[in-house]
Amino acid sequence: MASIIDIKEECALQVRDFEFTYKGATSPSLKKVSMPIAKHSITALIGPSGCGKTTLLRAFNRMHDLYPGNTYAGEIEFEGRNILTPKEDLIHLRTKIGMIFQKPTAFPMSIFDNVAYGMRLQGIKNKTELNDRVEKALKDAAIWKEVSDRLKHDANGLSGGQQQRLCIARAIAVEPDVLLFDEPTSALDPISTQGIEKLVIELKERVSIIIVTHNMQQAARVSDYTGFMYLGELIELGQTEELFVTPKEKLTQEYITGKFG
Amino acid sequence: MTAVQKRILINRIALVFSTLSAIIALGFLFWILGILVMKGMSALNWNIFIYEGAPPGYEDSGLKHALTGQLILVGLATSVGVPLGILAGTYLSEYGKNSKLAHAIRDISDIMMSAPSIVIGAFVYAIIVMPMGHFSAWAGAIALAIIMIPIILRTTDDMLQLVPGTLREAAFALGAPKYKVILSVVYRGAKAGILTGVLLGIARVAGETAPLLFTSFNDNFFTTDLNAAMPSLTVTMFNYATSPYEDWQQLGWAAAFILSMFILGLNVLGRLILLAGKGK
């Protein structure tokens, strides 16, 4: 019944019959979800609250493992292997699949140390290399001009939009292949939102992006592919323009025209 | 009298009584502080810091022995109690979370916090002083550390839990192992709160007398031997203040003043750190 587009280009991730059950829940929160995630493009996940879009997003970097008792079934293929197996090295996986959260999560340390955090975890100690890569990440995240003269200042002194761009700089500094965005602009003002959206579009040249959003216009503005989820199922996945203009499923049409939400 | 007039009258009576009560309660506080400052200041002089205890009537008598003893006892207790308290608090917040064991530890620690300190003194007397056969600085420091641990454990636990979960998730999402997340992100976020807890813990034990009577006891002379009885400001104060000699009573006031200022200073510092942490 679900209408899933067949993606011709290379895929960054392949989700197959993925089921996810939270600890203590009697029924799964995600039911038999299958979808491809195209490389170097932006896939948006939309749907009403509680539809499972964030749950799906947090499965890609196994964030659910921080809270024991949840169960996975099915598979998510990344770099030719199923990342849901117990032997998956989560530390390595999370350096390959980065995440940006709803609220900016600047660490209580200087701007420089924030961006260097992930690289230092990987054992990079060389000062010149750190300096160069921090500068590059901040430039790529379009925040270098605003912070270049106060890299040693506390990151919590930045505005919300700046902090979110700092978090993006921190995530891309470790050069991941995939970036997960969990409603990255829902805590920001319209101007900061615009900045982040522009940045997300620029970033797709280098990383594959999955973005969860409550805001349909945002999905329409930034994404190449959009998946509509409802009650734990992926109802439709298609090219963004097609999905918003000529949805194949009745549920999708009802949702995007505002009949429910 | 109308209903509204009646309510206004009741309101006034309540206001008068609560204001009076506040004045009486604060009055005692300022009375104590006033006498302490008056008598303490007049008893203060440089000799106090230069000379150790002497029999009554000697000019050259001071509190050097008790001041050093106090610093050694509190210092030792801090070096035992602070790491244990912080690590246990870290376990509760980051590992035990809502497990049965964690809840049991929290409950027991709350009970320990309100346990009379003399009971802890008696406990240390039974397990350390009795088998060793003599009083010692070690025993005193351990008794103080036991009193300190639950305070630091609970503040650490509370302060770590105040660090937003998303901050931890963000660090994990960058590929950080758990111990790194705790050391580099969670501790940093809770730094001010933990430091305040430590200072309040030290302030709390610095004023203890009862557990020391059983453990480090007292000595009228300067000593740094951790295996022997050791003087402290509190026990010295007790002995001097209750003696019939006026010069000893003077030293007792000086000890009371110094100790109060030390504890007041720690409390103020703790609050300042917390305020500075919040201001960010």
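Residue numbers here run from 1 along each chain, matching the order of that chain's written sequence. The order in which chains are written sets their letters, starting at A; the order in which ligands are written sets their numbers, starting at 1. Thresholds applied to this predicted model are a pLDDT of at least 70 for local features of residues and 80 or more for the giving and counting of side-chain atom pairs; totals over whole chains, interfaces and linings are not thresholded and use all residues.

### Quick word on the overall build of chain A
Regarding its fold elements, chain A presents 10 helices and 11 strands. Dimensions of chain A, computed from the C-alpha atoms along their principal axes, are close to 55 × 40 × 35 Å. The proportion of buried residues among the 261 residues of chain A is 45%. Secondary structure follows DSSP: runs of H or I at least 4 residues long count as helices, runs of E at least 2 residues long count as strands, and numbering of each begins at the N terminus. To assign burial, the other C-beta atoms lying within 10 Å of each residue's own C-beta are counted, with C-beta atoms placed from the backbone; 20 or more indicates buried, 12 or fewer indicates exposed, and intermediate counts indicate partly exposed.

### As for the nonpolar core
One nonpolar core equals one set of buried Ala, Val, Leu, Ile, Met, Phe, Trp, Tyr and Cys residues connected by C-beta atoms within 7 Å. Ranked by size, the top nonpolar core spans 150 residues in total, and within it A:Ala169, B:Leu144 and B:Ala255 carry the most contacts. Top element by residues in this core is helix H6 (residues 137-162) of chain B. It accounts for 17 residues. Contact between residues is assigned whenever the C-beta positions, reconstructed from backbone atoms, fall within 7 Å. Residues in contact with B:Leu144, not counting those within four places in the same chain, are B:Leu73, B:Val74, B:Ala77, B:Val205, B:Glu208 and B:Pro211.

### Considering the interface of chain A and chain B
Residue-level contacts link 21 residues of chain A with 15 residues of chain B. Mapped by element, the contributors of at least two residues to the side of chain A that touches chain B are helix H2 (90-96), strand E7 (97-100) and helix H3 (111-121) of chain A. Residues are grouped as follows: nonpolar covers Ala, Val, Leu, Ile, Met, Phe, Trp, Tyr, Cys and Pro; charged covers Asp, Glu, Lys and Arg; every other residue, Gly included, is treated as polar. Of the residues belonging to the side of chain A that touches chain B, the class tally is 11 nonpolar, six polar and four charged.

### Description of the sheet that holds strand E4 (residues 42-46) of chain A
Residue and element names in this part refer to chain A. Any two strands are treated as partners once DSSP identifies two or more bridges connecting them. Read from one edge of the open sheet, seven strands run E1-E11-E10-E4-E9-E8-E7, paired in mixed fashion. The open sheet terminates on both sides in strands that have one partner only, identified here as strand E1 (3-4) and E7. Those strands touched by helix H7 (residues 190-203) are E4, strand E8 (178-182) and strand E9 (208-212), and its axis lies near 150 degrees from that of E9. The angle between two axes is taken between their N-to-C directions and runs from 0 to 180 degrees, where each axis is a line fitted to C-alpha atoms and a helix contributes only its stretch in contact.

### Section: the packing of helix H6 (residues 160-173) of chain A against H7(A)
Residue and element names in this part refer to chain A. One can describe the packing of H6 onto H7 by two numbers: an axis separation of 9 Å at closest approach and a directional angle of 15 degrees. As judged from the angle between their axes, H6 and H7 are roughly parallel. Viewed along their axes, H6 and H7 form a crossing whose handedness is right-handed. Here Gly160, Gly161, Gln164, Arg165, Ile168 and Ile172 of H6 come into contact with H7, specifically with Ser192, Gly195, Ile196, Leu199 and Leu203. When its residues are assigned to classes, the contact of H6 with H7 shows five nonpolar, five polar and one charged. Angular relationships are summarised with four words: roughly parallel below 35 degrees, roughly antiparallel beyond 145, roughly perpendicular across 65 to 115, and oblique for the angles in between. The sense of a crossing depends on the near helix, which, turned anticlockwise from the far helix by less than a right angle, makes the crossing left-handed and, turned clockwise, makes it right-handed.

### Overview of the domain arrangement of chain B
Residues and elements named next belong to chain B. On domain assignment, one finds that chain B holds domain 1 (3-43) and domain 2 (50-279). Contact with domain 1, which involves six residues of that partner, is made by seven residues of domain 2. Residues that form the side of domain 1 that touches domain 2 fall into these classes: four nonpolar, one polar and one charged. These domain limits were set by an automatic method or by a database of domain assignments.

### Some words on helix H5 (residues 117-132) of chain B
Residues and elements named next belong to chain B. Across its 16 residues, H5 extends 21 Å between first and last C-alpha, which sits within 8% of the 22 Å expected from 1.5 Å per residue. Each residue is assigned a bend, namely the angle between axes fitted to the seven residues that terminate at it and the seven residues that start at it. Helix geometry: H5 is bent most strongly at tyrosine 125, by close to 40 degrees. Buried within H5 are the following residues: Ile120, Gly121, Val124 and Val129. Contacts from the buried residues of H5 go to H6 and helix H9 (210-215). Remark: glycine 133 follows H5 within two positions and exhibits a positive phi of approximately 85 degrees. Under the convention used throughout, the expected extent of a helix is 1.5 Å for every residue step, that is, one less than its residue count.

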